[in-house]
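Take a look at the letters that make up each chain.
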Amino acid sequence: MEKKLVSGLILLIVLFAVLPYSAGAADENVLRYTSSGNTFGAGDDLQINQNTQGDLVLAGSKIGAHGNIGDDFLGAGGEIIVNGDVSGNIIAAGGSIRVNGNVGGDVAALGGQVILSRGSVVEGDILLGGGEVTLDGAVNGDGEVSTGTLKTGDDFKLKGNLSLQADNYPSNLNDKVGGNLNITQVNATEEQYESFSKGFSIFSFIWRLLASLAIGLVLIYLFPGFVGGLVELVKDSPLKTGLLGFLTLVLLPVLSIILLATLIGWSLSILLILFMVFALLIATVPVKLLAGRIIYNKILKKEAGKMMYYTFGAILFAIVYEIPFLGGLIRFIALVIGLGAIVAWLAIRARSTG
């Protein structure tokens, strides 16, 4: 369940990053259909009334899925309502999430308010987190719920085991659970701190990823020749660019300090410091673009544009960065290789212009 939730969040991030480039205007609703029957959409108010053969992936302020879904539903938004039946899983994150239909797989939802309505049936497990969770349907699998307040209706039944972490919950909850009931009642202050810490960690990950996507995609859009030249340098000689980047990272700050101590070199020192800051900010862009292109072509066996390659690479690197020790090492290697490519590109341009 947790792996499915992470995979779903990654897919939603891809949707947020890619769809604006396909849309004609930021305030328009956008729907894209694939040959395999999947549907992707983004917009302010998305109401999908037709049936979907494959996956349905939506992001927006207000989302309504009113038709039946042949596979999984993934949604992120302020208000999410799923009225149709879902053959696969539901993975959703938002302010308010309501499931009214039947679900053939699992339900993983994170929001301010999560509701499993009366008459709904979940064949698999539920993994729910929110400020308030209301359960009034039937669950044929196990459940894991973390919430401030849990409410249950007369029709709620859970056949499997339920692991609950909550401040407030119904006194007759044990009668509605067929398996084992494990309740952890957390102190309000402690729970708020833990929720804040977890939320901040997830928020930080998404924020860093979106910042990386914004920097890279804008750079590729405005300066495609520059980015393309950096990619070729990284591709042709990653070891040389890495060594050059490491030397630059070590020697340039020392040179800037020396120049700053002189009367005539302080202005050049400031320029070098500004160059260093800017170069470090964009250094990993060509590395992520190249890695995304190579992996995308090998896995999906097809070509795409630079925007898609970079988005793919940035997401992969963001995930790898989270791995203890290895993530930091890969981040440093990507940084010095990209920094060396920038310095090499500037040197080549300087020679070519005399």
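Our structure's up above, just so we're on the same page.
Residues numbered from 1 in each chain as written. Predicted model: local features only at pLDDT ≥ 70, side-chain atom pairs only at ≥ 80, totals over all residues. Heavy atoms only, no water.

1. Points about the overall build of the chain
Next up, step 1: Within the chain, the regular secondary structure consists of eight helices and 13 strands.
Next up, step 2: Expressed as a percentage of the 354 residues in the chain, the buried residues total 42%.
Next up, step 3: Across the chain, contacts joining residues at least 24 apart in sequence account for 27% of those joining residues at least 6 apart.
Next up, step 4: Split by element, the accessible area of the chain, about 18200 Å² in all, is 63% carbon and sulfur. (Helix = DSSP H or I, 4+ residues; strand = E, 2+ residues; numbered from the N terminus. Buried < 20%, exposed > 50% of the residue type's maximum accessible area, 1.4 Å probe, protein only. Contact = heavy atoms within 4.5 Å. Areas by Shrake-Rupley, 256 points an atom, 1.4 Å probe, with all protein chains shown as cover.)

2. Brief notes about the nonpolar core
Next up, step 1: Residues Val-227, Leu-289 and Tyr-310 are the most contacted members of the largest nonpolar core, which totals 37 residues.
Next up, step 2: Looking at which element gives the most residues to this core, the answer is helix α7 (residues 306-321), with seven residues.
Next up, step 3: With 35 residues, the next largest nonpolar core counts Leu-58, Val-86, Ala-92 and Val-122 among its residues. (Core = buried A, V, L, I, M, F, W, Y, C linked by side-chain atoms within 4.5 Å.)

3. With respect to the packing of helix α4 (residues 238-260) against helix α5 (residues 266-282)
Next up, step 1: Contact pair α4 / α5: the axes reach a minimum separation of 7 Å and the direction vectors enclose 155°. On the basis of the axis angle, α4 is roughly antiparallel to α5. Along this stretch, α4 crosses α5, giving a crossing that reads as left-handed. Within the contact between the two elements, α4 uses Thr-248, Leu-249, Leu-252, Pro-253, Leu-255, Ser-256, Leu-259 and Leu-260 and α5 uses Trp-266, Leu-268, Ser-269, Leu-272, Ile-273, Phe-275, Met-276 and Leu-280.
Next up, step 2: Here the contact of α4 with α5 is built from residues that sort into 13 nonpolar, three polar and no charged. (Axes fitted to C-alpha atoms, helices over the stretch in contact; angles between N-to-C directions. Parallel < 35°, antiparallel > 145°, perpendicular 65-115°, else oblique. Left-handed = near helix turned anticlockwise from the far one by under 90°. Nonpolar A, V, L, I, M, F, W, Y, C, P; charged D, E, K, R; others polar.)

4. Overview of empty space enclosed by the protein
Next up, step 1: Counting across every chain of the model gives one cavity of 30 Å³ or more.
Next up, step 2: In this model, the largest cavity occupies a volume close to 40 Å³.
Next up, step 3: Around the largest cavity, the lining residues are Val-99, Val-107, Val-114, Ile-115, Leu-116, Val-122, Ile-126 and Leu-128.
Next up, step 4: Only β6 (107-116) and β8 (126-135) provide two or more residues apiece to the lining of the largest cavity.
Next up, step 5: Residue contributions to the lining of the largest cavity peak at four residues, all from β6.
Next up, step 6: Each residue belonging to the lining of the largest cavity can be placed in one class, and the counts come to eight nonpolar, no polar and no charged. (1 Å grid on protein atoms, 1.4 Å probe; cavity = no way out; pocket = protein on both sides within 12 Å on 5 of 7 lines; lining within 4 Å. Points joined across faces, edges and corners; volume = space filled by probe spheres on them.)

5. Here we look at α7
Next up, step 1: Taking 1.5 Å per residue, 16 residues should reach 22 Å; α7 reaches 22 Å between its end C-alpha atoms and fits that length.
Next up, step 2: Buried residues of α7: Tyr-309, Tyr-310, Thr-311, Gly-313, Ala-314, Ile-315, Phe-317, Ala-318 and Tyr-321, and no others. (Expected span 1.5 Å × (residues − 1).)

6. Focus on a nonpolar patch on the surface
Next up, step 1: Among the surface-exposed residues, Leu-243, Phe-246, Leu-247, Val-250, Leu-251, Ile-323, Phe-325, Leu-326, Leu-329, Phe-332 and Ile-333 lie close enough to one another that they form a single nonpolar patch of about 1000 Å² accessible area.
Next up, step 2: Elements with a contribution of two residues or more to the nonpolar patch: α4 and α8 (326-352).
Next up, step 3: The dominant element in the nonpolar patch, judged by the number of residues it contributes, is α4, at five residues.
Next up, step 4: In this structure, Leu-326 sits in helix α8.
Next up, step 5: Residue classification places Leu-326 among the partly exposed positions, given a relative accessible area of 39%. (Patch = residues over 30% accessible without salt bridge, like charges linked within 9 Å, V, L, I, M, F, W, Y side chains within 5 Å. Salt bridge = Lys/Arg side-chain N within 4 Å of Asp/Glu carboxyl O.)

7. Things to note about the pattern of salt bridges
Next up, step 1: The full count for this structure, using the stated rule, is three salt bridges.
Next up, step 2: In this structure, Asp-155 engages Arg-118 in a salt bridge whose closest nitrogen and oxygen atoms are separated by 3.3 Å. Note that Asp-155 is positioned in the loop between β10 (143-152) and β11 (157-158) and Arg-118 in the loop between β6 and β7 (121-122), a separation of 37 residues in sequence.
Next up, step 3: Look at Arg-118 and you get exposed, because its relative accessible area is 54%.
Next up, step 4: Via salt bridges that share partners, Arg-118, Asp-136 and Asp-155 belong to a single interconnected network.

8. Some details on the packing of aromatic side chains
Next up, step 1: What the rule picks out here adds up to five aromatic pairs.
Next up, step 2: Ring geometry for Tyr-296 and Tyr-309: centres 5.6 Å apart, planes at 75°, overall edge-to-face. You can see Tyr-296 sitting in helix α6 (residues 285-300) and its partner Tyr-309 sitting in helix α7, a full 13 residues away along the chain.
Next up, step 3: On the accessibility criterion, Tyr-309 (4% relative accessible area) is buried.
Next up, step 4: By way of ring pairs, the aromatic residues Tyr-296, Tyr-309 and Phe-312 are connected into one cluster.
Next up, step 5: Here the guanidinium or amino end of Arg-331 rests over the ring plane of Tyr-321, the centre of that ring lying 4.1 Å away. (Phe/Tyr/Trp six-rings, centres within 6.5 Å; stacked < 30°, edge-to-face > 60°. Lys NZ or Arg CZ within 6 Å of the ring centre and 35° of its normal.)

9. Examining the side chain of Asp-55
Next up, step 1: Its location among the elements puts Asp-55 in the loop between β2 (39-48) and β3 (56-65).
Next up, step 2: Beyond its immediate chain neighbours, meaning those up to four positions away, Asp-55 contacts Gly-37, Asn-38, Thr-39, Asp-71 and Asp-72.

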